[in-house]
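# Coordinates in review
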Amino acid sequence: MGLYRVNGLRAGGFLVATLCAFAGTASAFDTGPHFDITEDVLRSEWFSTTAIQTVQSANFFVDFYEFMGTSGPRKLEAGDCLAKADSILKIADAQHFDDLDSTRMVAEKWDAMLAGTKAAAEAKTKAGDVLGLLALLGMSLHNVQDFYAHSNWVDGDTLGPPLGKGALAKYGDHPTWLSMDRKDREALNVYTKHYPPPSRTHGAWDARPESLGLNKDWAGRPHYRDAYICAWFASRQWVRLFHTWVTDPNMWSQMQRWSTKSFDPGRDWDYARKISFYGGHWYGNGALTGFKDAFKSRTAATSPDLLVPAVLRFMGGRCITKNPSALRSKAVDLLGTWGKMPYRGPVPVTLPSAAPESVQFAQLKVHRIDATDADDGPGGGQMDWFCRVQLGTQRFMSGLIDEHDHFNFDVWPYYPWTMIKEIPAGMNSVLVRFELYDLDYKNDDLIDINPKSKAESLVFNYLPALNQVRGEVTGKPRFVVEGHGDCDCAKVDMEVGQMAATCLK
């Protein structure tokens, strides 16, 4: 992207500065994990692709409106737009299960969300508002997932009894808040911030483990994998619980079969990915913390000159209240009603079926990328890497690594691109398709990583029982491949593995 990068900077000086502040404010699972968990669970519950993308987009809006309420992006707002949206921006900031310093506060937040979501779902079912139900499902899933990313739930012995051991063994090694009996979960020491020494707050994307930062927003954070798996189980529980609140079977069927004839989420979904991807909040590895580091090598996962136009195009100018889509309008309405979530007392809940309670997951990691015979085009500059992966039946997109011909993910504060997918019971082979790209302003370039001539992407199968790969690569689950015989070649060090988890009820 070298040829255009200077022009992007000249066009966006002030806006780059404000959006850099915007990009550093995320306090949630990065958008990629939110999208991946949501898709994996909804696909298993028979939701259509359009329905899934609608729910994913609504999930993103919780973060988007939080971002736009912070000091940097507030400067973007023109005229009276900020005044019109200010109350909604403040409510969005109150989502995510943040700033709860006791088990009592955590319990009250869960009870408030249960009561509020049930009431909103029942009201929208009565009104025949299918799009509103999909929006509510996505936004409430965001908060459910964030509890595990922001709390000490999976941090080990800070809870008291460690998960999966002793008195908690009966709940499995990855239990959720709702899968435990109330008396057991409220006897734990649960929080999402902790001020008495040692102080624990959310923490930056690159906070050292000894800083005790609580966030598990991306794969480089301590305990991320456990938080991801707990959030996966919790999301499946929540979707099944939500189903019980949609009391009209036809309405639930309409949600599952949602199609573009009713509403096309394509634009919202596309910009949710673009804004997160360019801002370093898709899969970690270098989010912006301010203008001073906007174009430093350290913030490898960001591209501010692409972030600026993406945000402005999505808003349609410098006014967040201008011409929102029907889905975004539903999200704004929900923030102003459901989002307030007053606490009115304990809410007993009986979870639907927990089956299967023992689940296998496949995991793909990318450890290193090296350009061997590739360049970033006629404008110069270094490579701007990202990959697309199919893992089983699900497709993933990695985060960005901007302006690096060679990148070692295993050097702190970075961490391998990581994709996690449930392996359905009885599946003996997991299909993996890996494509490496160089980001461009118009047409992204597919990079050759296949040792065979006239083949660029890599296709193989992972065999969990043998912990080996078969196909265009064969042998051990960690391997290095390099493209040969074609232009734009690279070498990639990657690894496939598996893990098991239980959530018992």
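Residues numbered from 1 in each chain as written. Predicted model: local features only at pLDDT ≥ 70, side-chain atom pairs only at ≥ 80, totals over all residues. Heavy atoms only, no water.

Tallied over the full model, the rule gives 34 aromatic pairs. A centroid spacing of 6.3 Å and a plane angle of 90° characterise the contact between Trp282 and Tyr283, whose relative ring orientation is edge-to-face. Residue Trp282 is classed as buried on the basis of its relative accessible area of 3%. Look at Tyr283 and you get buried, because its relative accessible area is 7%. Grouped by ring-pair contacts, the aromatic residues Phe97, Trp110, Phe147, Tyr148, Trp153, Trp177, Trp238, Phe242 and Trp245 constitute a single cluster. Taking NZ or CZ as reference, Lys274 lies 5.0 Å from the ring centre of Tyr271, over its face. The ring of Tyr437 carries Arg388 above its face, with NZ or CZ at 5.7 Å from the centroid. (Phe/Tyr/Trp six-rings, centres within 6.5 Å; stacked < 30°, edge-to-face > 60°. Buried < 20%, exposed > 50% of the residue type's maximum accessible area, 1.4 Å probe, protein only. Lys NZ or Arg CZ within 6 Å of the ring centre and 35° of its normal.)

With 90% of its residues at a pLDDT of 70 or more, the protein has an overall mean of 90. Predicted confidence is poor over residues 2-12, with pLDDT under 50, and the contacts of this stretch with residues over four places away or in other chains come to 13 contacts. (pLDDT = per-residue confidence, 0-100. Contact = heavy atoms within 4.5 Å.)

A side chain of one charge can pair with a side chain of the opposite charge if their charged atoms are brought near each other. Within this structure, the stated rule accounts for 19 salt bridges. Taking the shortest distance from any N to any O, the salt bridge between Lys421 and Asp40 comes out at 2.9 Å. Of the two residues, Lys421 is situated in strand β5 (residues 417-423) and Asp40 in helix α3 (residues 31-44); the sequence distance between them amounts to 381 residues. Comparing Lys421 with Asp40, the two get one shared label, buried. Notably, a salt bridge pairs Glu186 with Arg182, separated by 2.8 Å at the nearest N-O pair. (Salt bridge = Lys/Arg side-chain N within 4 Å of Asp/Glu carboxyl O. Helix = DSSP H or I, 4+ residues; strand = E, 2+ residues; numbered from the N terminus.)

Nonpolar side chains in soluble globular proteins tend to be buried together. Ranked by size, the top nonpolar core spans 152 residues in total, and within it Trp110, Trp153, Trp238, Phe242 and Leu436 carry the most contacts. Per element, the largest residue contribution to this core is 14 residues, and it comes from helix α10 (residues 224-245). Leaving out residues up to four positions away in the same chain, Trp238 has contacts with Trp110, Met113, Leu114, Thr117, Leu137, Ser140, Leu141, Val144, Leu178 and Trp245. (Core = buried A, V, L, I, M, F, W, Y, C linked by side-chain atoms within 4.5 Å.)

A few words on the packing of helix α7 (residues 103-127) against α10. When two helices pack together, you describe them by how their axes are tilted relative to each other and by the distance separating the axes. In the contact formed by α7 and α10, the axes pass within 9 Å of each other and the chain directions differ by 45°. Of the possible angle classes, the one that applies to α7 and α10 is oblique. Seen along the crossing, α7 lies across α10 with a hand that is right-handed. Across from Trp110, Met113, Leu114, Thr117, Lys118, Ala121, Glu122 and Thr125 in α7, the residues of α10 making contact are Trp238, Leu241, Phe242 and Trp245. Each residue belonging to the contact of α7 with α10 can be placed in one class, and the counts come to eight nonpolar, two polar and two charged. (Axes fitted to C-alpha atoms, helices over the stretch in contact; angles between N-to-C directions. Parallel < 35°, antiparallel > 145°, perpendicular 65-115°, else oblique. Left-handed = near helix turned anticlockwise from the far one by under 90°. Nonpolar A, V, L, I, M, F, W, Y, C, P; charged D, E, K, R; others polar.)

Compared with an ideal rise of 1.5 Å per residue, which puts 19 residues at 27 Å, helix α4 (residues 49-67) spans 27 Å between its outermost C-alpha atoms and is within 8% of the ideal. Along its length, α4 reaches its greatest deviation from straightness, about 25°, at Phe61. Summarising burial for α4: 18 of the 19 residues are buried, a large majority. (Expected span 1.5 Å × (residues − 1). Bend = angle between axes of the 7 residues up to and from the residue.)

Looking now at unusual backbone geometry. Trans is the prevailing form of peptide bonds, just as negative phi is the prevailing case for residues other than glycine. Residue Pro198 is bonded to the preceding Pro197 through a cis peptide linkage, with omega at -5°. Looking at the secondary structure, you find Pro198 in the loop between α9 (182-185) and α10. With an omega of -10°, the peptide bond running from Ala355 to Pro356 counts as cis. Residue placement: Pro356 occurs in the loop between α14 (326-336) and β1 (358-373). Although it is not a glycine, Asn323 sits at a positive phi angle of roughly 50°. Mapped onto the elements of the fold, Asn323 is located in the loop between α13 (304-315) and α14. Although it is not a glycine, Met341 sits at a positive phi angle of roughly 45°. Checked against the element boundaries, Met341 lands in the loop between α14 and β1.

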